[in-house]
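One letter stands for each residue in the lines below.
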Amino acid sequence: TVAKQTTEWLETVSHSLFVCSQQKELTSKKRDEFEDILEERRLSSDLRYAMKCYTPVIYKGLSPCKPNAIKSAVLQSEQVQYVIKQLAKEMGESPDIVQEEATEILDEMGHSMQLGAVRFFAFTLSKIFKQLFQRVCVNEEGMQRLQHAIQEHPVVLLPSHRSYVDFLMLSYLLYTYDLALPVIAAGIGKADFLGMKIVGELLRRAGAFFMRRSFGGNRLYWAVFAEYVKTMLRSGYAPIEFFLEGTRSRTAKTLTPKFGLLSIVMEPFFKREIFDTYLVPISISYERILEESLYAYELLGVPKPKESTSGLLKARRILSDNFGTIHIYVGQPVSLRTLASGRISRCPYNLVPRHLPQKPSEDIQEFVSDVAYKMELLQIENMVLSPWVLVAAVLLQNLPAMDFELLIEKTLWLKGLTQTFGGFIEWPDNLCAKKAVMSGLALHSNIARLVDGHVVLNDKQVEDGAVGEIVFKRALAILMCATYRNQLLNVFVRPSLVAVALQMTRSFRKEEVYSCFSFLRDVFSDEFIFFPGISLKDFEEGCFLLTKCDAIQTSQQEIYPTDKGGVIVSFLSAMFRPFVEGYQLIFRYLSKETKEAFTEKQFIPGVRNFVFQLLEKGNTQCYEALSSDMQKNALAALVQLGAVKKKKMSNGFTYSVNQEAVNKILDMFDARIPVQKPVAARL
Amino acid sequence: RQELLKWNGWGYNDSKFIFNKKGQAEFTGKRYRLGGMVLPTFKEWIEKTFGASLEHKTTSRASLNVNDVPPSIVNEEFLQDLRATKISYSQDAEDRVFRAHGHCLHEIFVLREGMFKRIPDIVVWPVCHEDVVKIVELACKHNLCIIPFGGGTSVSSALECPEEEKRTIVSLDTSQMNRILWIDERNLTACVEAGIVGQDLEKQLAESGFCTGHEPDSMEFSSLGGWVATRASGMKKNIYGNIEDLVIHIKMVTPRGIVEKNCQVPRMSTGPDIHHFIMGSEGTLGVVTEVTIKIRPVPEYQKYGSVVFPNFERGVACLREVAKQRCAPASIRLVDNAQFQFGHALKPQVASIFTSFLDGLKKFYITKFKGFDPNILCVATLLFEGDREKVLQHEKQVYDIATKFGGLAAGEDNGQRGYMLTFVIAYLRDLGLDYYVIGESFETSVPWDRVLDLCRNVKERIVRECKEKGVQFAPLSTCRVTQTYDAGACVYFYFAFNYRGISDPVHVYEQIERAAREEILANGGSLSHHHGVGKLRKRWMKESISDVGLGMLRSVKEYVDPNNIFGNKNLL
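Residues numbered from 1 in each chain as written. Chains lettered and ligands numbered in written order. Predicted model: local features only at pLDDT ≥ 70, side-chain atom pairs only at ≥ 80, totals over all residues. Heavy atoms only, no water.

A. View of helix α1 (residues 42-50) of chain B. Residues and elements named next belong to chain B. Among the residues making up α1, those that are buried are Phe42, Trp45, Ile46, Thr49 and Phe50. Buried residues of α1 fall within an arc of 95 degrees about the axis and therefore sit on the same side. More than 90 degrees from the buried face of α1, the exposed residues found are Glu44 and Lys48. Residue Gly51 follows α1 closely and has a positive phi angle near 70 degrees. (Buried < 20%, exposed > 50% of the residue type's maximum accessible area, 1.4 Å probe, protein only. Helix = DSSP H or I, 4+ residues; strand = E, 2+ residues; numbered from the N terminus. Arc of directions from axis to C-beta.)

In structure tokens, the structure reads:
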């Protein structure tokens, strides 16, 4: 029993160390300097650059092999052969036919890296990037760390995903630094990306490989795909790159992670087929996102144009536009072995042949999820915030118009606060606040502009149109503006939810504030990124940051806003008000308007109309509730809280609402009833 | 025997590695083939591998300081009873210290530089089964603790006395129970007293034209009873089997009485085999006194051999194929590159220019003509045994398989040297200790499909842990696949490092060894293939055999020895 207690204790300690390390990294910040990689491109020949001697450093144990050799290794692997035999038996077909199918799948997704294609990309991308962006800034130390990591262990690159530019840019970057081009697991919908025939083929030759975005039932696809990724990883042939978020975030707010790919790339280590794996979080921040208006339309339910080749050509128009600076921060490589030490029971992998498909055990699933969140938090930590992000946050609280001087003053004030909270602001040296705000306005003239000493949103083109038209235009502008404010939210969420809780409970008792905080954290668990299960720690961190900026004082039992802290507290809660109000609207819709089971396809237009009408009547000002992203998150939150039942049907998921439960949650929001949550014993 | 053996190191007093006046390595004594030979390249290897230098030397104290030894506490009534049995005994300090340890690194370190906190209070020398019965009865009567002692070659801390043991500890030395009681030529079995040492057993059986064929690396010193108690494995198990295949009958004295069977048969279906409670019980249940063991006629012909492979992966694939075809010779081992170089460094000075020329030619052929990289290639060593004709046939079969995996026959001499290395390596540790180099071996068994991953990961883990723990020189971290089975293999690791600059080398060593064991378990390897658990590896027992499994073993212990007379605290 002593041994048992010891191991349990060790597990707890290692888990809390895991959590601690993540907390610590949030507070101890020493970040690298940036270099502009476009600067050299503007000075020397792109052609010579594309033809440069390219001999990337490689993994130490690598035996060189051609893409075709990898494909046949995948096809012949015990893993894939096992599934082929199984399927052949089940379907009563000859294994050859299934094998044929597997070959086709491989050809569809397999990459075939060719130096010619790489050089072609190097040349064209140089031209395009110079046209689009002012600067592309990279932390060189991060690149050096990455270079070491690649030689030491297989590497998985985990960039944030805001734009299609992400993976082009990352490959371009690795080429520039003479590193092996990554093999990219990019999702493809049916007519989505693979539809872009030419670009798709070029990308494939430059090293991208493709997975279908949904292949739920297809076991063969899953087996071939998983084995392909693992073979790449085991051989150390090239870094694997994929997006934890699964898709481009339309709101610039980090999406909750997907676990499928992550658990695939972790498996070779769990099975000890390789000694270790490096996970490298990469934060790519855009001063202005290429797809910003596209996203806003999409969030409002206007169908987006398919990403066809011709569509991309039309996008040439935007080549004449200016998209400012990109910051790429390559984070510290994280050793999977270190993360896993003491956390994984080895038994499940020792008792089954390693080539058999195996459902990950619960502790593995929990571990994968923890790692995913940890990596996203690391991405968030190193996201660069431009001055415009601060401007957007201030502006959204002061609509319809704001005095220019006041805006500058507030922006400067917010800069200080953001830095206190650990936000990573790139504020060009010696640039005075006025100039910073001005240049932000210049870059984002499609969103806001300066009129008579006031800054106003660009939503007035159809001044005398129908009411609906006005609401729509306004929503569009607000959502676009929110895309920038959103970049602050994950940095601010812990102190802000404490502030919101303080206002909601109208109480100073720590216990009550905490239970309200905890309730909000649960409700917003799909909206913002929280490390699973450490509500109390998050609360303490929120309180700590508020204390640090003198907004509150805390005692053993109580929390008070200080005299001058009122400004901060109300600013923070106003920052998150769109979410609090938006969720309330959506919950209200669900509790009143839905009597029968519905699908997501029915839910989104329903709730959109509901909010739209309220906006038209002027009964609410919460334009952000029109965002389909918020609507989906709110629904997911209710599913998690057990107030909505999600059922899998033949044609997708259907939802049914438990009216009573939703009303109860609404009441808690309105503070009509105290938040009912078991309070942690030790506060 | 005690007089012949080193008190603070491995093996015979007269056999050891030294650096002679010319600074060349030399192995002394006449007991081994290597005896008296100069090893010209060894010094360079040791310097290159460990960064050790002959100028930096540590010395063990010359002899045991009797004043340091914990006093012997034995109550007079027991002594009176003991005298009445006429069993010889001793309370002498040197006798007691000699039986207070096995050959783990930390134990040897204590001998060289410190003193054990707890050692046996008295040593007894029973000469037959009946003597053992009497001693166990007396121990029960006076509530004493008995620790059986055979050859003293344990590498699992099994012989160390539990520090907290308050009772008198009796070391029961079986060395005087060393007769062959009878040989049954019709059934090919022999009944032997358990204290007999391996080499004596083989020598005496050979007089009648027989052998057991059980050859653990420690066979010069380890005893039959010890083999049974630890589930030993022999080098030639492919022909003769491991101890569990060899044993026909066991007689053991326990506090509850004598355990034995009613017949000596090849197999019986009478519930779980009680022999399997005894084998691997590591002295926690009683004393094995007599064992009936299978014997075989001494083989007519023996032949060594060796094969060079371009790399370790190909070598493992070849061994796997040999196991699959079930045509493994008496012994087949695959050493990795580091161990190959290690073996190479122990090559004696060659007698004539002609041999040295031949060596050069061979080297040229393998590295230049066949394109083997001398820093990657690895070697399999082979030992064939049996009828001359069959051996040659067998040899051809194995070499044919090897060729398919890119192997090249590399001569008998390399093979033989490989096996010799096994016997002298323990002497090498003593030399290392004189020059700030500490090291040890450990082993595991693993399924075939994980052999390569396990070898690579464990070696890598050792290198990394050394770095993290502040070891300033790269360690020697090497392995060999030393046994093959149908479903897997036994892997043996050597690990050594230069500890200059580290204040507590033994502690660092133990931490690294523990990490290596963790790595083995995570790679699907076993806690032990043949060294046993002792006290060194107890912490992983639950994980190894599950809670219920551990409970099963405990309940046997509770029934057989309720008062924990056999209180060496091993295993459970």
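B. Looking closely at the UniProt feature "active site" (unreviewed entry) in chain B. Residue and element names in this part refer to chain B. Cross-referencing UniProt, the feature "active site" (unreviewed entry) maps to Tyr492 in the present numbering. Looking at the element boundaries, Tyr492 is found in strand β21 (residues 488-498). Sequence-distant contacts of Tyr492, defined by excluding residues within four places in its chain, comprise Ser441, Phe442, Glu443, Thr478, Cys479, Arg480, Thr482, His530 and His531. Of the polar contacts made by the side chain of Tyr492, one reaches the side chain of Ser441; its length is 3.2 Å. (UniProt positions renumbered as here; feature names shortened; annotations may be inferred. Contact = heavy atoms within 4.5 Å. Polar contact = N/O pair within 3.5 Å; in protein donor to acceptor, adjacent residues only side chain to side chain.)

C. Region of interest: the sheet that holds strand β19 (residues 652-657) of chain A. Residue and element names in this part refer to chain A. Ordered by their spatial adjacency, 3 strands build an open sheet running β17-β19-β18, and the pairing between neighbours is antiparallel. Two strands lie at the open edges of the sheet, namely β17 (598-599) and β18 (644-649), each paired on one side alone. Examined bridge by bridge, β17 and β19 share 2 bridges and lie antiparallel to one another. Within β19, the residue paired with Phe598 across the bridge is Tyr655. (Pairing = 2+ DSSP bridges.)

D. Focus on empty space enclosed by the protein. All names here are of chain B. Overall, the coordinates contain 8 cavities of 30 Å³ or more when judged by the stated rule. The space that makes up the second largest cavity amounts to roughly 190 Å³. As for the second largest cavity, its lining consists of 15 residues, of which Val335, Gly343, Thr381, Asn414 and Gly418 are closest to the centre. Among the elements that line the lining of the second largest cavity, the one with the most residues is helix α15 (residues 412-434), at 5 residues. (1 Å grid on protein atoms, 1.4 Å probe; cavity = no way out; pocket = protein on both sides within 12 Å on 5 of 7 lines; lining within 4 Å. Points joined across faces, edges and corners; volume = space filled by probe spheres on them.)

E. Examining the domain arrangement of chain B more closely. Residues and elements named next belong to chain B. The domain boundaries assigned to chain B delineate domain 1 (66-173), domain 2 (180-297) and domain 3 (304-523). Averaged C-alpha coordinates put domain 1 and domain 2 at centres separated by 24 Å. With 12 residues of domain 1 at the contact, the number on the domain 2 side is 15 residues. Contact between domain 1 and domain 2 buries roughly 1000 Å² in total, counting both sides, with carbon and sulfur atoms accounting for 72%. Among the residues of domain 1 in contact with domain 2, His129, Pro148 and Thr153 are the three that bury the most area, contributing 45% of the side total. Counting the contacts that link domain 1 with domain 2 gives 0 salt bridges. Here domain 1 and domain 2 share 1 residue pair in polar contact (both at pLDDT 80 or more) between them. Residue contributions to the side of domain 1 that touches domain 2 peak at 5 residues, all from helix α5 (residues 129-142). (Domains from an automatic or database assignment. Buried area = accessible area lost by both parts, 1.4 Å probe. Salt bridge = Lys/Arg side-chain N within 4 Å of Asp/Glu carboxyl O.)

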